[in-house]
Amino acid sequence: MERPLGIFETAETLTDAAAPFNVVGVIELDTGISPGGLSAALERAQRRHPLLRARIVDPGDGWRYDLAGTPRIPLEIIKRRDASHWREIVEAELNRAFDLETGPLMRCILLVGKSGTTASELVVSFLHTIIDGTSAVNLVREILEAWNASASGHRLKEPEILELQPPVEEFFPPEYRGLRGKLRIARFMARQLADEIGYRRHARGTRRMKVHPAGRCRSLSRDLGGDDVVALVRATRRHRVTLNSALNAAMLLVVQDRLYDGAAVPLRNFNFAMMRPYLRPPINDHHLGSFHVMLRSTVDIEARHDFWQLASTINSQLAANARRGDKYLSLLTVADVMRFILGQRKMRMAATALAYTGPLKMPQHVGAIRIRGVRTMVSNLMLGPEYTVHARLFGGRLCWDQVYLDCDMDETTAGGITDAIFDLLRRMAREPA
Amino acid sequence: MKIDSDEIVELVRIQLGAGDVQREDRFQEDLDAESADLLNIVAAAEDRWGIIIGEEELVELTTVNDLLQLVRRRAGNP
């Protein structure tokens, strides 16, 4: 059983060919979980989900998923040294390539404490091609529930075996197919070209991001506390902008200040859109797969740009992109764009990227297990953004997981940017109405 | 405070500029609402009924009826 990779799957696999392109998640647990039970839960998940049995092969006419002969999902058990040990593991996982032809395209590491009752962390890594944030969260919940059921002595029913889904573009609405689709793509490409010309003109004379021959992913995680989040959400409602737009504005202003000396500059920024509910028919969260897309926009930042004005501009820009159907058009063109960029290796794709996924659909308790936190990071490559963040709400907190390349900045600079973003958000949240 | 389902349906219709909205419609799948649209709907409901809806509650809002139930609970009108 196999099928060719779709457009976005191909773009992600092209990226992986240049440098490892992995999604790495950390589930922080307040107790230990038995490796035996976890191994059984992983085996069950692999039987259920075709993409966990997938390998990526190229028989000569392009990449295809092959679901035969894939080994079991590896589970490595490591003794937990201290509460920050997982960060070292995450950084290694972000930089460690999958063997696509052998598979599987998922692996797990369990960090266990000295006794079975102390805190532990489960580190799960995937090749990005097979998973998006929504299905990753769903899968982890499914694995923890299976582990909990077996640990409680419940007999688990045989899981429903899911079918491999066609690629995302096959679920697009009719206006993005055929001749009408081609016309929309042509208009989209013309807009992208105009944006490129405008960006180059405005960026002339400003700092240029370096293209390094190689870089190693580093990570940094911070949380914005519950009271600050509540105040920030109230402020965003008053200003009629999404929390995503406010977070983008804070990130861009601080990056402008720290990396561009506060000068007026156009910055390219990636946002990410979930496609699942907008597909025809919509794709359920329990199907693994890459049903999302990245959207690049250029944001002109003035010297001393007003925070709420910028958040409002970003909000309008994202809403306009959505109305024009840019998420469909961007996806339809992404593989060709990636081929061009990776072939040239002359420019960085963006300065910043923020993947804010909103409140996490993960309970804080799965049976007897309490989940203390959830971290998610995605590998960056030397042509990717300088400052990349995956953010979400969990347990009332804003979890902010940053990935940067060691050739771009050191830990002090990276942490300084994040601290300054949080300071700005706190200030803006408490500004008088 | 009595909250009529027609008021919620009308609020959603105005915010989305949609022609026809039903209580059972799903915001994203049926009404093509994006996050900015949902923000405008929630903020308009907060203003109209003097309530507060938390960001984490937004994940519960799949359909127009979910919004109706949430607004009624929040306004003490189950």
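About the cut-offs
Residues numbered from 1 in each chain as written. Chains lettered and ligands numbered in written order. Predicted model: local features only at pLDDT ≥ 70, side-chain atom pairs only at ≥ 80, totals over all residues. Heavy atoms only, no water. Salt bridge = Lys/Arg side-chain N within 4 Å of Asp/Glu carboxyl O. Helix = DSSP H or I, 4+ residues; strand = E, 2+ residues; numbered from the N terminus. Buried < 20%, exposed > 50% of the residue type's maximum accessible area, 1.4 Å probe, protein only. Phe/Tyr/Trp six-rings, centres within 6.5 Å; stacked < 30°, edge-to-face > 60°. Lys NZ or Arg CZ within 6 Å of the ring centre and 35° of its normal. Pairing = 2+ DSSP bridges. Axes fitted to C-alpha atoms, helices over the stretch in contact; angles between N-to-C directions. 1 Å grid on protein atoms, 1.4 Å probe; cavity = no way out; pocket = protein on both sides within 12 Å on 5 of 7 lines; lining within 4 Å. Points joined across faces, edges and corners; volume = space filled by probe spheres on them. Nonpolar A, V, L, I, M, F, W, Y, C, P; charged D, E, K, R; others polar. Patch = residues over 30% accessible without salt bridge, like charges linked within 9 Å, V, L, I, M, F, W, Y side chains within 5 Å. Areas by Shrake-Rupley, 256 points an atom, 1.4 Å probe, with all protein chains shown as cover. Lys, Arg positive; Asp, Glu negative; His and termini not counted. Charge placed at Lys NZ, Arg CZ, Asp CG, Glu CD. Domains from an automatic or database assignment. Contact = heavy atoms within 4.5 Å. Buried area = accessible area lost by both parts, 1.4 Å probe. Polar contact = N/O pair within 3.5 Å; in protein donor to acceptor, adjacent residues only side chain to side chain.

Undergrad: What should I look at first to understand the pattern of salt bridges in this one?
TA: Proximity of charged atoms lets side chains of opposite charge pair with each other. Residues and elements named next belong to chain A. Enumeration over the complete set of coordinates arrives at 49 salt bridges over all chains. With its nearest N and O atoms 3.0 Å apart, the salt bridge here joins Arg218 to Glu91. Taken together, the residues span a long stretch of sequence, with Arg218 in strand 8 (residues 217-224) and Glu91 in helix 3 (residues 85-94) at a distance of 127 residues. Of the residues examined, Arg218 reaches a relative accessible area of 26% and is grouped as partly exposed. What makes Glu91 buried here is its relative accessible area of 11%. We note a salt bridge from Arg222 to Asp419, for which the minimum N-O separation is 2.5 Å. Here Arg222 is found in strand 8, whereas its partner Asp419 is found in helix 10 (residues 411-429), with 197 residues between them in sequence.

Undergrad: Looking at this structure, I do not really get the packing of aromatic side chains. What am I missing?
TA: Each aromatic ring pair is described using two quantities: the centre-to-centre distance and the angle formed by the ring planes. Residues and elements named next belong to chain A. Applying the stated rule across the entire model yields 7 aromatic pairs over all chains. With 5.0 Å between their ring centres and 80 degrees between their planes, Phe172 and Tyr328 make a pair best called edge-to-face. A residue pair is termed long-range when its members are at least 10 positions apart, and Phe172 in the loop between helix 4 (133-151) and helix 5 (178-203) and Tyr328 in helix 9 (residues 326-344) qualify at 156 residues. A single burial state applies to Phe172 and to Tyr328, both of which are buried. Judged by centre distance (4.8 Å) and plane angle (85 degrees), the ring pair of Phe307 and Trp308 falls under edge-to-face. Across this residue pair, the class does not change: Phe307 and Trp308 are buried. In textbook terms, an aromatic cluster arises when at least three aromatic residues are bridged by ring pairs, as seen for Phe172, Tyr176 and Tyr328. The ring of Phe98 carries Arg107 above its face, with NZ or CZ at 4.0 Å from the centroid. Arg207 extends its terminal NZ or CZ atom over the ring of Tyr260, reaching a point 4.8 Å from the ring centre.

Undergrad: What is the right way to read the sheet that holds strand 4 (residues 64-66) of chain A from this model?
TA: Sheets are built from strands paired through backbone hydrogen bonds, the pairs being either parallel or antiparallel. Residue and element names in this part refer to chain A. The strand order 1-4-3 describes an open sheet built from 3 strands, whose pairing is antiparallel. Bordering the open sheet on either side are strand 1 (2-4) and strand 3 (55-57), each of which pairs with just one other strand. Neighbouring strand axes in the sheet, compared pairwise and without regard to direction, differ in orientation by 30 degrees on average. Sheet topology places strand 1 next to strand 4; 3 bridges connect them, and they run antiparallel.

Undergrad: What is the right way to read the layout of surface pockets from this model?
TA: Over the atoms rolls a probe the size of a water molecule, and in doing so it shows where empty space is left. Residues and elements named next belong to chain A. Taken as a whole, the second largest pocket holds about 700 Å³ of empty space. Contributing to the lining of the second largest pocket are 28 residues, with Phe188, Gln192, Glu196, Arg296 and Val337 lying nearest its centre. At the level of elements, helix 5, strand 10 (292-301), helix 8 (307-324) and helix 9 are the ones that each hand at least two residues to the lining of the second largest pocket. For the lining of the second largest pocket, the element with the highest residue contribution is helix 9, accounting for 9 residues. Of the residues in the lining of the second largest pocket, the class split is 13 nonpolar, 7 polar and 8 charged.

Undergrad: Which parts of the structure should I look at to understand a negative patch on the surface?
TA: A grouping of Asp58, Asp61, Asp99 and Glu101 of chain A is seen on the molecular surface, where their side chains present a negatively charged patch. One can find Asp99 of chain A in the loop between helix 3 and strand 6 (106-112).

Undergrad: Would you take a moment to explain the domain arrangement of chain A for this structure?
TA: Buried accessible area, meaning the area lost when the parts come together, often serves as the stated size of an interface. Residues and elements named next belong to chain A. Looking at the assigned domains, one finds that chain A contains domain 1 (2-151) and domain 2 (173-429). Taking only C-alpha atoms into account, the centre of domain 1 sits 24 Å from that of domain 2. Across the boundary between the two partners, domain 1 contributes 53 residues, which contact 49 residues of domain 2. Together domain 1 and domain 2 conceal approximately 4300 Å² of surface at their shared face, both sides included; 63% is due to carbon and sulfur atoms. Sorting the residues of domain 1 by area buried against domain 2 places Phe8, Glu28 and Arg87 first, and these three jointly supply 15% of that buried surface. Between the two partners, domain 1 and domain 2, sit 6 salt bridges. Here domain 1 and domain 2 share 23 residue pairs in polar contact (both at pLDDT 80 or more) between them. Elements with a minimum of two residues in the side of domain 1 that touches domain 2: helix 1 (7-18), strand 2 (22-29), helix 3, strand 7 (120-127) and helix 4.

Undergrad: Sorry if this is basic, but what is going on with empty space enclosed by the protein here?
TA: Residues and elements named next belong to chain A. Counted according to the given criterion, the structure contains 3 cavities of 30 Å³ or more. Looking at the largest cavity, it is lined by 16 residues, and the ones nearest its centre are Arg3, Glu9, Pro167, Val168 and Phe291. For the lining of the largest cavity, the element with the highest residue contribution is helix 1, accounting for 3 residues. Taken together, the residues that form the lining of the largest cavity break down as 9 nonpolar, 4 polar and 3 charged. Summarising the domain contributions, the lining of the largest cavity has at least three residues from each of domain 1 (2-151) and domain 2 (173-429). Lining the second largest cavity, in full, are His49, Pro50, Leu51, Leu162, Glu163, Leu164, Gln165, His287 and Leu288. Partitioning the lining of the second largest cavity into residue classes produces 5 nonpolar, 3 polar and 1 charged.

Undergrad: What am I meant to see in the sheet that holds strand 2 of chain A here?
TA: Residue and element names in this part refer to chain A. Taking strand neighbours across the sheet as the criterion, the 6 strands line up as 5-6-7-2-13-12 in an open arrangement whose pairing is mixed. Two strands bound the open sheet, and with one partner strand each, they are strand 5 (75-79) and strand 12 (365-366). By the bridge criterion, 6 bridges tie strand 6 to strand 7 in an arrangement that is antiparallel. Bridging from a neighbouring strand, Ile109 pairs with Val123 of strand 7. Most of the contacts of helix 3 go to strand 2, to which it runs at about 165 degrees, and overall it touches strand 2, strand 5, strand 6, strand 7 and strand 13 (369-378).

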